[in-house]
Amino acid sequence: MTSKIETRLAELGITLPPVFAPAANYLGAQINGNLLYISGQGPVKQDGSLVTGRVGTDLTVEEGYEAARHTALELVSQTRQALDGDLDLVTRWVKLFAMVNCGPDFTQQPQVINGASDVLVEIFGDAGRHARSAVGMSSLPVGISVEIEAIVEFD
Amino acid sequence: MAGKIDARLAELGIEIATPAVPQANYVPYVISGNLVYISGQVPVVDGEVKFKGKVGDDVNVETAAQAARACALNIVAQVKAACDGDLDRVKRCIRLGGFINATPDFTDQPPVINGASDLLVDIFGDAGRHARFAVGAGSLPLGVAVEIDAVFEIS
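What counts and how
Residues numbered from 1 in each chain as written. Chains lettered and ligands numbered in written order. Predicted model: local features only at pLDDT ≥ 70, side-chain atom pairs only at ≥ 80, totals over all residues. Heavy atoms only, no water. Core = buried A, V, L, I, M, F, W, Y, C linked by side-chain atoms within 4.5 Å. Buried < 20%, exposed > 50% of the residue type's maximum accessible area, 1.4 Å probe, protein only. Helix = DSSP H or I, 4+ residues; strand = E, 2+ residues; numbered from the N terminus. Contact = heavy atoms within 4.5 Å. Pairing = 2+ DSSP bridges. Axes fitted to C-alpha atoms, helices over the stretch in contact; angles between N-to-C directions.

Q: Even after reading the chapter, I still don't get the nonpolar core, so can you show me in this structure?
A: Generally speaking, nonpolar side chains in soluble globular proteins are found buried as a group. Phe124(B), Val146(B), Ile148(B) and Phe152(B) are the most contacted members of the largest nonpolar core, which has 41 residues in total. Those elements that place two or more of their residues in this core are α1 (4-12), β2 (35-41), α2 (61-82), β5 (90-101), α3 (109-124) and β7 (146-154) of chain B. Here the element with the most residues in this core is α2(B); it accounts for eleven residues. Setting aside chain neighbours within four positions, we find Ile148(B) in contact with Ser39(B), Gly40(B), Gln41(B), Ala68(B), Cys71(B), Ile75(B), Leu96(B), Gly97(B), Gly98(B), Ile113(B) and Ala116(B). Judged by nonpolar contacts, the second largest core, of 39 residues, contains Leu36(A), Ile38(A), Leu73(A) and Leu120(A).

Q: So what exactly am I meant to see when it comes to the pairing of β2(B) here?
A: Regular strands show a simple pattern: their side chains alternate between the two faces of the sheet. All names here are of chain B. In terms of residue burial, β2 counts as a mostly covered element, since six of its seven residues are buried. Relative to β2, strand β1 (residues 29-32) runs antiparallel, the two being bridged by four bridges. Of the residues in β2, the one forming a bridge with Val30 is Tyr37. In textbook terms, the turn of a hairpin is the stretch between consecutive antiparallel strands, and for β1 and β2 this stretch comprises two residues, one of which, Gly33, has a positive phi near 60 degrees. Relative to β7, β2 runs antiparallel, the two being bridged by five bridges. Along β7, the bridge assignment pairs Ile38 with Ala150.

Q: Got a minute to help me understand the sheet that holds strand β5 (residues 146-154) of chain A in this structure?
A: All names here are of chain A. With mixed pairing, the five strands of this open sheet are ordered in space as β1-β2-β5-β3-β4. Both edges of this open sheet fall to β1 (29-32) and β4 (131-137), since each of them pairs with a single strand only. The average undirected angle you get between the axes of adjacent strands in this sheet is 15 degrees. Two strands pair when backbone bridges link them, and strand β3 (residues 90-101) and β4 are joined in this way by seven bridges, in the parallel orientation. Bridged to Leu96 within β4 is Arg132. Where helix α3 (residues 109-124) meets the sheet, it contacts β3, β4 and β5, and its direction lies at approximately 160 degrees from that of β3.

What follows is the structure, encoded as structure tokens:
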């Protein structure tokens, strides 16, 4: 049987990025009951490289939006791996905690993180609608532009 | 019949406003099982964004604590909506995440977020006692001084 979500990804022309494997004593994702907790992910592009730089100075808000979109796709990659390849098991994207690498006077974090929210709704429809928090950080690991952690509910 | 918590709110002279609806592809809260995950709330008062500024610079701790209280009032408004208007269904505030738009050297995060914690205990009594974190963020959406997200347990 064909996966609904994989079909949807194909329709959207989206190829998910490679799964980033943590190189330390923590996991990319952890399951408790029917909730999947995903570690903070960065903007991993299809070729495995990362989007880096401060939004508002090195990157425009639009480029930040694209970075957030890449980050959400990395969350989807992590989810697919954690659910043994079956994205149709996802019942709801529950919560995103989104961090934008930006200067002290930057105020457009929501417009940046919409890049993540929009693509999750494009892929998962209403199940992609989540609660979220968006904040600015003065720095992020290896200089990535966006980092997002997530909680996903599944069957 | 007015509920216990509604009676308590009346005693405290607190009115819970109609909660704000996000203008993007996310939602104010998601219910998963008996948990309500509430999106980061900012100090919107009577439909207007208040308490803008940098704590440790142009906003002092006392004013920032009022901003945290305003965030908590919006959290209560969201949890009320999640409970279909019946705040007596709140079993516990599980966790608050408190972000303060602060200068790099600011260290008084706890007394700021106490503005939210104290309000929740005033309203819900022991059920309002929660785990929390309180951190300085480099910047916040719209330039607000404080943003707080929350997880509640409901029946």
